[in-house]
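Observations on chain architecture
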There are 6 protein chains.
Amino acid sequence: MLRIIVLLPLLFALSNASVQDFCVANLKRAETPAGYPCIRPIHVKAKDFVFSGLGTPGNTTNIINAAVTPGFAAQFPGLNGQGLSTARLDLAPKGVIPMHTHPGASEVLFTLKPGQVMVFPQGLLHFQINAGKSAAAAFVTFSSASPGLQILDFALFANSLPTELVSATTFLDPTIVKKLKGVLGGTG
Amino acid sequence: MLRIIVLLPLLFALSNASVQDFCVANLKRAETPAGYPCIRPIHVKAKDFVFSGLGTPGNTTNIINAAVTPGFAAQFPGLNGQGLSTARLDLAPKGVIPMHTHPGASEVLFTLKPGQVMVFPQGLLHFQINAGKSAAAAFVTFSSASPGLQILDFALFANSLPTELVSATTFLDPTIVKKLKGVLGGTG
Amino acid sequence: MLRIIVLLPLLFALSNASVQDFCVANLKRAETPAGYPCIRPIHVKAKDFVFSGLGTPGNTTNIINAAVTPGFAAQFPGLNGQGLSTARLDLAPKGVIPMHTHPGASEVLFTLKPGQVMVFPQGLLHFQINAGKSAAAAFVTFSSASPGLQILDFALFANSLPTELVSATTFLDPTIVKKLKGVLGGTG
Amino acid sequence: MLRIIVLLPLLFALSNASVQDFCVANLKRAETPAGYPCIRPIHVKAKDFVFSGLGTPGNTTNIINAAVTPGFAAQFPGLNGQGLSTARLDLAPKGVIPMHTHPGASEVLFTLKPGQVMVFPQGLLHFQINAGKSAAAAFVTFSSASPGLQILDFALFANSLPTELVSATTFLDPTIVKKLKGVLGGTG
Amino acid sequence: MLRIIVLLPLLFALSNASVQDFCVANLKRAETPAGYPCIRPIHVKAKDFVFSGLGTPGNTTNIINAAVTPGFAAQFPGLNGQGLSTARLDLAPKGVIPMHTHPGASEVLFTLKPGQVMVFPQGLLHFQINAGKSAAAAFVTFSSASPGLQILDFALFANSLPTELVSATTFLDPTIVKKLKGVLGGTG
Amino acid sequence: MLRIIVLLPLLFALSNASVQDFCVANLKRAETPAGYPCIRPIHVKAKDFVFSGLGTPGNTTNIINAAVTPGFAAQFPGLNGQGLSTARLDLAPKGVIPMHTHPGASEVLFTLKPGQVMVFPQGLLHFQINAGKSAAAAFVTFSSASPGLQILDFALFANSLPTELVSATTFLDPTIVKKLKGVLGGTG
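Residues numbered from 1 in each chain as written. Chains lettered and ligands numbered in written order. Predicted model: local features only at pLDDT ≥ 70, side-chain atom pairs only at ≥ 80, totals over all residues. Heavy atoms only, no water.

Along its length, chain A carries four helices and ten strands. The secondary structure elements of chain A, listed N-terminal to C-terminal, are β-α-β-β-β-β-β-β-β-β-β-α-α-α. Pairs at least 24 apart in sequence give 63% of the contacts found in chain A among residues at least 6 apart. Of the accessible surface of chain A, which amounts to about 6600 Å², a share of 60% is contributed by carbon and sulfur atoms. (Helix = DSSP H or I, 4+ residues; strand = E, 2+ residues; numbered from the N terminus. Contact = heavy atoms within 4.5 Å. Areas by Shrake-Rupley, 256 points an atom, 1.4 Å probe, with all protein chains shown as cover.)

The structure is reproduced here in structure tokens:
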């Protein structure tokens with residue numbers, strides 16, 4: 001059993017020095033381009049720097065047989081302003097995280113065996129698919145507390161753009177576009 | 001078995017647009033404050049974005065019964081300029097990653113069970129210790145391709161500063177300072 | 001006729017102060033994550049800050065009836081390190097800049113009439129299409145000297161990924177994937 | 001006629017992932033060093049990313065026979081946090097945008113004919129003057145949503161600094177300083 | 001006597017251009033990762049850019065015979081968003097600023113005689129000690145408006161971590177740990 | 001007498017971890033937008049982090065009765081990549097540092113008595129003048145290792161721009177422009 005501890009600088013509560021060493025998100029306040037406003041240092045607790053939400057597999061009973069569980073600033077306030085965020089991927093057999101990009105961050109993915117690591121440069125299309133016979137999981141980290149997520153098919157088809165416009169700009173046959181708009185709840 | 005693929009923009013090799021989407025490190029060239037110079041896009045291969053060095057446990061037969069295996073830009077060139085790096089921690093029973101800081105990055109640590117995640121804000125002292133009966137491993141990510149590592153005891157004692165100076169500035173008894181200088185190969 | 005002049009600080013050549021006010025790219029040197037190395041200040045000329053390459057319409061006689069003429073750091077060395085770059089779009093009637101993203105930058109687009117401006121946040125999919133009867137042009141600026149360009153169809157189909165993999169991760173019928181791989185020179 | 005569309009990631013409204021892909025300014029809230037706080041994603045509309053304010057020539061009936069129409073975050077909220085802003089310059093014959101700097105950004109200027117582009121490195125003095133017989137216009141982009149604007153004569157003379165102090169630090173004769181203070185409403 | 005003046009761009013109050021050239025901190029509002037929200041430009045006064053708090057020696061009648069007087073954004077609102085902050089160090093004879101780091105900034109220290117300057121890279125341990133017979137002072141600047149301060153002994157001992165845990169991770173004898181916990185008000 | 005020491009992480013020389021904690025400039029290599037390339041860690045010496053060049057007053061026997069002694073990355077290689085630089089100002093009686101800006105950095109100025117500190121936001125015009133009867137000195141720090149320096153009169157008059165162009169864009173009488181071009185070695 002690992003014991004892992006960070007020493008929070010108690011001194012800060014006593015001094016009137018600024019405490020930007022950390023800026024635990026106040027999720028009740030509006031975000032800024034640099035993240036959420038900070039809660040007061042005196043309200044910061046060690047548990048603000050721990051997140052257990054990635055311990056439970058996501059529900060993969062869905063159209064893609066897969067789930068993404070985010071551990072972003074919105075779920076893990078201690079990440080706010082730290083330039084990092086996390087997520088858990090769960091894929092049932094044949095599960096797939098469809099083609100997507102993270103507009104705001106690069107990504108590092110750990111595959112638990114054989115301990116391989118991959119990096120996905122910011123904004124580049126990538127996907128994960130479970131070609132095996134058993135469920136698989138992976139953990140990822142992003143280079144921003146707010147990496148964003150743009151799933152290609154949602155962006156292309158879950159909208160109200162005229163079919164011929166999507167068709168003309170993707171070279172996909174209108175019938176295909178219409179079909180996928182139907183599957184994903186798009187119109188037009 | 002997961003299949004995970006990133007689509008490298010082939011177009012870039014054809015155009016003369018810049019390719020800062022990625023900047024695979026040329027480790028033969030001197031670093032800059034922003035990282036290593038890039039290898040030419042035409043020389044980039046998909047495997048540059050994959051690193052297997054974290055698949056093998058580090059050798060924990062040492063004074064701390066623990067090992068840190070870095071996956072920084074220097075080992076994993078695809079990380080260069082991506083604002084991320086990785087490492088593997090191995091701790092034998094009683095193993096310890098001694099009190100340390102990462103001057104250049106915040107850190108996220110995954111404990112494989114129960115899937116808990118911790119964040120260590122940049123520059124704050126922290127440690128990991130294996131209080132269990134079996135070997136333990138953890139994977140970490142940093143918010144920089146070059147997080148740095150400052151192990152407290154190495155910084156304090158593996159140097160040639162006069163003992164009384166270290167003692168006066170740490171409030172540690174000179175006998176203790178001398179003893180640890182001896183253990184860690186310091187002088188003075 | 002507009003006369004527009006920037007006063008380059010002559011003083012710099014005389015002092016030994018650093019000259020990072022500008023860093024005209026030395027295109028013969030390898031890029032870094034922050035851009036190209038700078039040419040020596042004494043070699044900098046006013047014309048390094050002017051680029052005429054966007055004055056000529058691009059050749060739209062091609063599959064998309066459109067052209068993108070980049071004015072990035074690689075074409076316009078004075079942009080190096082300035083956090084900006086430019087491009088010209090030309091679209092013949094029915095021309096289209098297909099669905100694409102800029103992984104490394106946000107974009108501002110000027111439509112010359114009626115003087116409307118649009119912003120495309122970094123990494124988000126967008127396109128331009130000429131629905132009119134005459135040729136159209138537009139000028140864009142990016143928030144990076146190296147915005148990158150990922151054209152969706154090139155990324156998806158101009159590669160050697162197995163058709164079923166692309167199909168499974170995009171929900172496009174294998175026949176469509178094969179057809180577009182054919183059009184765009186992909187294999188698999 | 002160009003049709004130009006950005007696909008806003010609808011998914012974001014459904015997920016609780018952060019939406020820093022864009023951060024449309026809430027102009028009712030105080031700015032931060034990184035920009036304005038964001039409005040809620042569910043309140044974001046496509047039109048927030050379009051700005052038509054540069055379509056109308058500015059009023060050049062003034063002392064400089066020229067006008068600057070800003071398209072900054074304060075006028076074009078979709079620019080907030082995107083690292084870009086825009087402006088339109090209008091110059092009647094003999095019109096001049098007097099010597100000035102942008103303390104917070106580099107600038108790219110498009111001269112509509114012959115499609116020439118210029119870059120003005122951050123903070124360097126520059127000007128535009130219409131040496132022709134007809135009105136001229138130009139569009140510019142800045143590398144920050146808040147480039148700032150410091151017009152030399154306003155800074156030097158539209159203040160209450162003692163004339164001899166301005167004279168001593170600019171080497172301009174006191175009579176000239178007094179005269180320009182008069183023109184620009186300065187005192188001292 | 002030096003007269004030193006900055007010309008605040010009066011124009012800004014008249015235009016509706018953004019005023020991020022400066023962002024004087026509104027200390028009544030919560031900090032963000034990028035600093036405090038700005039007060040309104042019309043409320044900015046020249047004195048907001050001046051701070052006299054470093055003119056008075058700090059009280060060195062304490063356990064370390066030294067004092068740190070911060071001039072951070074919290075004390076000197078004009079620094080907000082400027083990427084700089086200041087402090088004054090006072091050391092009585094035998095005074096010491098104990099071993100510490102600044103997790104959020106690099107530091108430059110001026111020793112008033114012989115005009116020597118030192119740089120302390122971000123996050124690296126350092127200290128200052130007065131080995132002379134008279135009081136000494138020094139002025140420092142940090143590369144962030146919020147450099148933070150982590151004093152080693154406070155972090156290690158002014159906490160409630162079990163003594164054996166601190167001992168195991170620092171290689172300090174438990175008796176020493178207990179003693180310093182006592183001195184610094186720690187428990188466990 | 002102050003003893004001030006930074007503990008350089010010896011460990012780095014032993015490990016193959018990157019050492020971006022510091023990046024001592026290799027002045028023989030071309031700069032990049034992020035600074036100079038780094039010398040090898042094994043070649044770094046403690047003295048690289050110390051600079052004595054500000055200990056000697058600059059020569060004020062000149063047209064402005066003042067001197068600026070830079071301590072930028074080019075003079076003080078340890079500053080490279082640290083986001084800080086320094087300078088010393090010397091002003092004889094009546095001496096003046098003429099109206100100028102630092103396009104690349106904000107500035108903090110220490111006036112040695114009465115310990116007052118001032119901040120000059122990036123790019124804003126400012127000056128220093130010695131209104132006293134004795135020589136004065138001041139030390140400044142900038143928020144960049146390469147702050148740049150644009151002295152107004154040099155930029156306006158030490159160039160070959162036609163006099164009428166400078167006159168038209170500054171509202172200064174042509175006779176004044178010609179006179180100052182003469183003083184400062186300009187032509188046109």
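Next comes the rest of the account.
A separate point is the packing of aromatic side chains. Under the definition given, this model contains 27 aromatic pairs over all chains. A ring pair is formed by F110 of chain C and F139 of chain D, whose centres lie 5.5 Å apart and whose planes are at 50°; its orientation type is tilted. Placement of F110 of chain C in strand β6 (residues 107-111) and of F139 of chain D in strand β9 (residues 136-142) is noted, with the two residues assigned to different chains. Taking 5.7 Å as the distance between ring centres and 90° as the angle between the ring planes, the aromatic pair formed by F72 of chain F and F142 of chain F counts as edge-to-face. With F72 of chain F in the loop between β3 (66-71) and β4 (85-91) and F142 of chain F in strand β9 (residues 136-142), the pair connects residues that are 70 residues apart, well separated along the chain. On the basis of relative accessibility, which here comes to 4%, the residue F72 of chain F falls in the buried class. Given a relative accessible area of 2%, F142 of chain F falls into the buried group. Connected via pairs of aromatic rings, a cluster forms that spans F110 and F139 of chain A together with F110 and F139 of chain B. (Phe/Tyr/Trp six-rings, centres within 6.5 Å; stacked < 30°, edge-to-face > 60°. Buried < 20%, exposed > 50% of the residue type's maximum accessible area, 1.4 Å probe, protein only.)

Turning next to the interface of chain A and chain C. Taken together, the contacts link 28 residues of chain A with 28 residues of chain C. A buried area of about 2600 Å², summed over both sides, lies between chain A and chain C, and 72% of it is on carbon and sulfur atoms. Here chain A is connected to chain C by two salt bridges. Here K179 of chain C makes a salt bridge to D173 of chain A, at a shortest N to O gap of 3.1 Å. Scanning the region where chain A abuts chain C turns up eight residue pairs in polar contact (both at pLDDT 80 or more). Among the elements of the structure, β5 (96-101), β8 (126-130), α2 (152-157), α3 (163-170) and α4 (174-184) of chain A are those that each provide at least two residues to the side of chain A that touches chain C. Looking at the side of chain A that touches chain C residue by residue, the classes come out as 19 nonpolar, six polar and three charged. (Buried area = accessible area lost by both parts, 1.4 Å probe. Salt bridge = Lys/Arg side-chain N within 4 Å of Asp/Glu carboxyl O. Polar contact = N/O pair within 3.5 Å; in protein donor to acceptor, adjacent residues only side chain to side chain. Nonpolar A, V, L, I, M, F, W, Y, C, P; charged D, E, K, R; others polar.)

For these two chains of identical sequence, chain A goes onto chain C by a turn of 180° and a shift of 0.0 Å along the axis, with RMSD 0.0 Å. Classification of the inter-copy transformation places it as that of a two-fold axis. Minimal C-alpha distance to the rotation axis in chain A is attained by G123 of chain A, lying at 2.7 Å. A high fraction, 100%, of the interface residues of chain A reappear at the interface in chain C, so the copies pair face to face through one surface. (Least-squares fit on C-alpha atoms with pLDDT ≥ 70 in both.)

Attention shifts here to the sheet that holds β9 of chain F. On the basis of which strands lie adjacent, the open sheet formed by six strands has the order β2(E)-β7(F)-β6(F)-β9(F)-β4(F)-β3(F) and antiparallel pairing. Sheet topology places β2 (50-51) of chain E together with β3 of chain F at the edges, where each strand pairs with a single neighbour. (Pairing = 2+ DSSP bridges.)

With that settled, the discussion passes to the state of the cysteines. Residues and elements named next belong to chain E. Counted according to the given criterion, the structure contains six disulfides over all chains. Here C23 is linked by a disulfide to C38, with a sulfur-sulfur distance of 2.0 Å. Across the disulfide from C23 to C38, rotation about the S-S bond amounts to roughly -100°, and the bridge is consequently left-handed. Taken as a pair, C23 in the loop between α1 (11-14) and β2 and C38 in the loop between α1 and β2 lie far apart in primary sequence, 15 residues in all. With respect to burial, C23 and C38 carry one shared label: buried. (Disulfide = S-S within 2.5 Å.)

Attention now moves to the UniProt feature "binding site: Mn(2+)" (unreviewed entry) in chain A. Residue and element names in this part refer to chain A. UniProt tags H100, H102, E107 and H126 as "binding site: Mn(2+)" (unreviewed entry). Spatial clustering of the annotated residues is evident: they stretch over 27 residues in sequence, but the largest pairwise C-alpha distance comes to 12.0 Å. Within the secondary structure layout, H100 lies in strand β5. By relative accessible area, H100 is classed as buried at 3%. Those residues in contact with H100 that sit more than four places away from it in its chain are L124, L125, H126, F127, Q128, L149, Q150, I151 and L152. At a separation of 2.8 Å, a polar atom in the side chain of H100 contacts the main-chain carbonyl oxygen of P98. If you trace the backbone, E107 turns up in strand β6 (residues 107-111). (UniProt positions renumbered as here; feature names shortened; annotations may be inferred.)

Another aspect to go through is the environment of I42 of chain D. All names here are of chain D. Relative to the assigned elements, I42 resides in the loop between α1 (11-14) and β2 (50-51). According to the relative accessible area criterion, I42 is exposed, its value standing at 59%. Between the C-alpha atom of I42 and that of V183, which follows or precedes it by 141 residues, the distance is 50 Å.

Our next topic: the interface of chain B and chain A. On the side of chain A, 58 residues touch chain B, which itself brings 58 residues to the contact. Both faces considered, chain B and chain A share a buried interface measuring about 4700 Å² in area, 73% of it formed by carbon and sulfur atoms. Run the count over chain B and chain A and you get zero salt bridges. Elements with a minimum of two residues in the side of chain B that touches chain A: β1 (2-6), β2 (50-51), β4 (85-91), β6 (107-111), β7 (116-120), β8 (126-130) and β9 (136-142) of chain B. A per-element tally of the side of chain B that touches chain A places β9 of chain B first, with seven residues. Counted by class, the side of chain B that touches chain A contains 38 nonpolar, 17 polar and three charged residues.

Okay, the pairing of strand β8 (residues 126-130) of chain F next. Residue and element names in this part refer to chain F. Counting buried residues along β8, five of its five residues qualify, which places the element largely inside the surrounding structure. Of the two faces of β8, the one carrying H126, Q128 and N130 and the one carrying F127 and I129 are both buried. Bridge count between strand β5 (residues 96-101) and β8: three bridges; the pairing is antiparallel. Counted as the bridge partner of H100 is H126 from β8.

Quick look at the packing of helix α3 (residues 163-170) of chain B against helix α4 (residues 174-184) of chain B now. Residue and element names in this part refer to chain B. Between α3 and α4, whose axes approach to 9 Å, the crossing angle comes to 120°. As judged from the angle between their axes, α3 and α4 are oblique. In this structure, α3 crosses over α4, and the sense of that crossing is right-handed. Contact residues: α3 offers T163, V166 and S167, while α4 offers P174, V177, K178 and K181. Looking at the contact of α3 with α4, its residues break down into three nonpolar, two polar and two charged. (Axes fitted to C-alpha atoms, helices over the stretch in contact; angles between N-to-C directions. Parallel < 35°, antiparallel > 145°, perpendicular 65-115°, else oblique. Left-handed = near helix turned anticlockwise from the far one by under 90°.)

Turning to the sheet that holds strand β6 (residues 107-111) of chain E, a few remarks are in order. A sheet is described by the order of its strands in space; here six strands give the open sequence β3(E)-β4(E)-β9(E)-β6(E)-β7(E)-β2(F), paired in antiparallel fashion. Where the open sheet ends on each side, the last strands, each with one partner, are β3 (66-71) of chain E together with β2 (50-51) of chain F. Note: β6 of chain E against strand β7 (residues 116-120) of chain E, five bridges, orientation antiparallel. Of the residues in β7 of chain E, the one forming a bridge with L109 of chain E is M118 of chain E.

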